[in-house]
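Next come the chains, spelled out residue by residue.
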Amino acid sequence: MSPLNIEKGSTSHSAYDLRSHMSDEVETHTLAVLVQNEAGVLARVIGLFSGRGYNIESLTVAEVDREGHRSRITIVTSGTPQVIQQIRMQLERMVPVHEVSDLTVEGAFVSRELALIKVVSKGEHRVEALRIAEIFRANVVDSTLESFVFEITGTPEKVDAFCELMRPLGDVRLARTGVAAIARGL
């Protein structure tokens, strides 16, 4: 009998979840953590990662419920399925944490990142930078005789691709917000 090919990130809401939970394959997951908006909460969440040697690839935090004093932490991390499950369970046990969602396995989600990219260049390279920016729908938010600052929003892969095309055109400096993500639908 041949093994079943279950798609990476397929839902675990089925009684017939046949994915192997003992895999050694490293996966990237996006976690959304709803926490009480109070001093020290972010430090405790980050401490959980650093104390156990888990890597955070992206981190964003913002207040999402002013009246309820709640903030949302979006964390992109990677690990084996066992490590991701362990991270989730440890986050759920923390007192100021109200909810933990692994967007990667819970269904479709939308993620975006904002970046500001300064490209220092002269001559024909400036014209080429503007052409590439137009293709990527990046906005020019600042311009001098020696540089442009572009604003781009999209998936992390889109931001990476834009930066790679800009590097040959001059000195590139970069500021990124990190990934913001939310589940699609209800």
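This text follows the structure it describes.
The following paragraphs examine the structure supplied in this document. Every chain is numbered independently, its residues counted from 1 as its sequence is written. With the structure being a predicted model, the display of local features is reserved for residues of pLDDT at least 70 and the display and counting of side-chain atom pairs for 80 or more, all residues being used for whole-chain, interface and lining totals. As a rule here, side-chain values come from all non-hydrogen atoms in the structure, and water together with hydrogens is ignored.

Once that is clear, we can look at the overall build of the protein chain. Helix numbers and strand numbers start at the N terminus; a helix is a DSSP run of H or I with at least 4 residues, a strand a run of E with at least 2. Within the protein chain, the regular secondary structure consists of 4 helices and 8 strands. Going from the N terminus to the C terminus, the protein chain shows its helices and strands as β-α-β-β-α-β-β-α-β-β-α-β. Each residue is placed in one exposure class: buried if its accessible area under a 1.4 Å probe, protein chains only, is under 20% of its type's maximum, exposed if it is over 50%, and partly exposed if it falls in between. Across the 186 residues in the protein chain, those meeting the buried criterion constitute 35%. Contacts are residue-level and defined by heavy atoms, with any inter-residue pair within 4.5 Å sufficient. Once local pairs closer than 6 in sequence are excluded, the contacts in the protein chain between residues at least 24 apart make up 71%. For the accessible areas, the method is Shrake-Rupley and the probe is 1.4 Å, while residue cover comes only from the protein chains on display. Accessible surface, the protein chain as shown: approximately 11,400 Å² in total, 53% of it carbon and sulfur.

Note: two strands are recorded as paired if DSSP finds a minimum of 2 bridges between them. Reading across the sheet, the 4 strands line up as S2-S3-S1-S4 and stay open at both edges, with antiparallel pairing between neighbours. A single partner strand is all that each edge strand has here, and the edge strands are strand S2 (56-65) and strand S4 (97-102). Across the sheet, the axes of successive neighbouring strands diverge by a mean angle of 20°, strand direction being ignored. Bridge count between S2 and strand S3 (residues 70-79): 8 bridges; the pairing is antiparallel. The partner of Asp 65 across the bridge, within S3, is Arg 70. Axes, fitted as lines to C-alpha atoms, cover a helix only where it is in contact. Angles between the N-to-C directions of the axes lie from 0 to 180 degrees.

Note that every value here comes from positions in space, so none of it alone points to a role or purpose.
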